[in-house]
Amino acid sequence: LSFAYPEVREHIIETYREMVAYGIDGVCLLYNRRHPLLEYEQPLIDGFLEQHGKDPHDLAEDDPTWLHYRAGVLTGFMRELRDALSLPITAIVMSNEQENLAQALDPAGWIAAGVVDTLVPYTDLPEWNHSAFSWQNPEALRPYVELTKGSSCELAPCFHTPAMKAEDYRNTAAGLADNGAD
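Residues numbered from 1 in each chain as written. Predicted model: local features only at pLDDT ≥ 70, side-chain atom pairs only at ≥ 80, totals over all residues. Heavy atoms only, no water.

(A) Region of interest: the packing of helix α1 (residues 6–20) against helix α3 (residues 64–84). At a minimum axis distance of 10 Å, the contact between α1 and α3 shows a crossing angle of 35 degrees. The handedness of the crossing between α1 and α3 comes out as right-handed. Contacts from R9, I12, I13, Y16 and R17 of α1 reach α3 at V73, F77, E80, L81 and A84. A per-class count over the contact of α1 with α3 returns seven nonpolar, no polar and three charged. (Axes fitted to C-alpha atoms, helices over the stretch in contact; angles between N-to-C directions. Helix = DSSP H or I, 4+ residues; strand = E, 2+ residues; numbered from the N terminus. Left-handed = near helix turned anticlockwise from the far one by under 90°. Contact = heavy atoms within 4.5 Å. Nonpolar A, V, L, I, M, F, W, Y, C, P; charged D, E, K, R; others polar.)

So this is what it looks like as structure tokens:
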């Protein structure tokens, strides 16, 4: 199911509306799962052609105009979801701006639009590496701290590996809190 299709977005929103009836207290969008979220679906191609006069197939895969266009579509879904629900929205995102944009994620746009309440950077390691210790350099959180500063969006980085011990969790959490995590 692709977010490029309005019918898919509406189906997903209807699923969340159904969950609301069960008394949930928020939703968490696991954008760290099932990649790619958007690629070259026909509605994206048509919209990009209309807006930019170019076929995205003729551009480099990492062309910023194309990547930002795709991210705008997913931001549109986030707006639709915010409008449909009166619950907090959490979103799990990638390690940095480049990885987010490559996956059509735009945390800065979401924060500016007020459509995300909690941002969860999945790891500071590239390519969703969840088997290594993440956030061992708490300073790696700085771009996300700057992104959420002055907004109502909370910053709650994810960290876990099967090898982490209780002391590792405490030390990592303390380091992140000392560096701006909520």
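(B) The arrangement of the nonpolar core in detail. Judged by nonpolar contacts, the single largest core of 46 residues is most densely connected at Y31, L74, F77, M78, L81 and W110. Among the secondary structure elements, those contributing two or more residues to this core are α1, β1 (27–30), α2 (42–52), α3, β2 (89–93), α5 (107–113) and α6 (142–148). Here this core takes nine residues from α3, the largest share from any one element. Contacts of M78, omitting those with residues within four sequence positions, involve L29, Y31, I89, A91, W110, V115 and V116. (Core = buried A, V, L, I, M, F, W, Y, C linked by side-chain atoms within 4.5 Å. Buried < 20%, exposed > 50% of the residue type's maximum accessible area, 1.4 Å probe, protein only.)

(C) Seen up close, the sheet that holds β2. Ordered by their spatial adjacency, four strands build an open sheet running β1-β2-β3-β4, and the pairing between neighbours is parallel. Each of the sheet's edge strands pairs with one partner strand only, and the pair in question is β1 and β4 (154–155). Note: β2 against strand β3 (residues 118–121), four bridges, orientation parallel. Bridge pairing in β3 places V93 opposite P121. (Pairing = 2+ DSSP bridges.)

What is shown is where atoms sit, not what they do.
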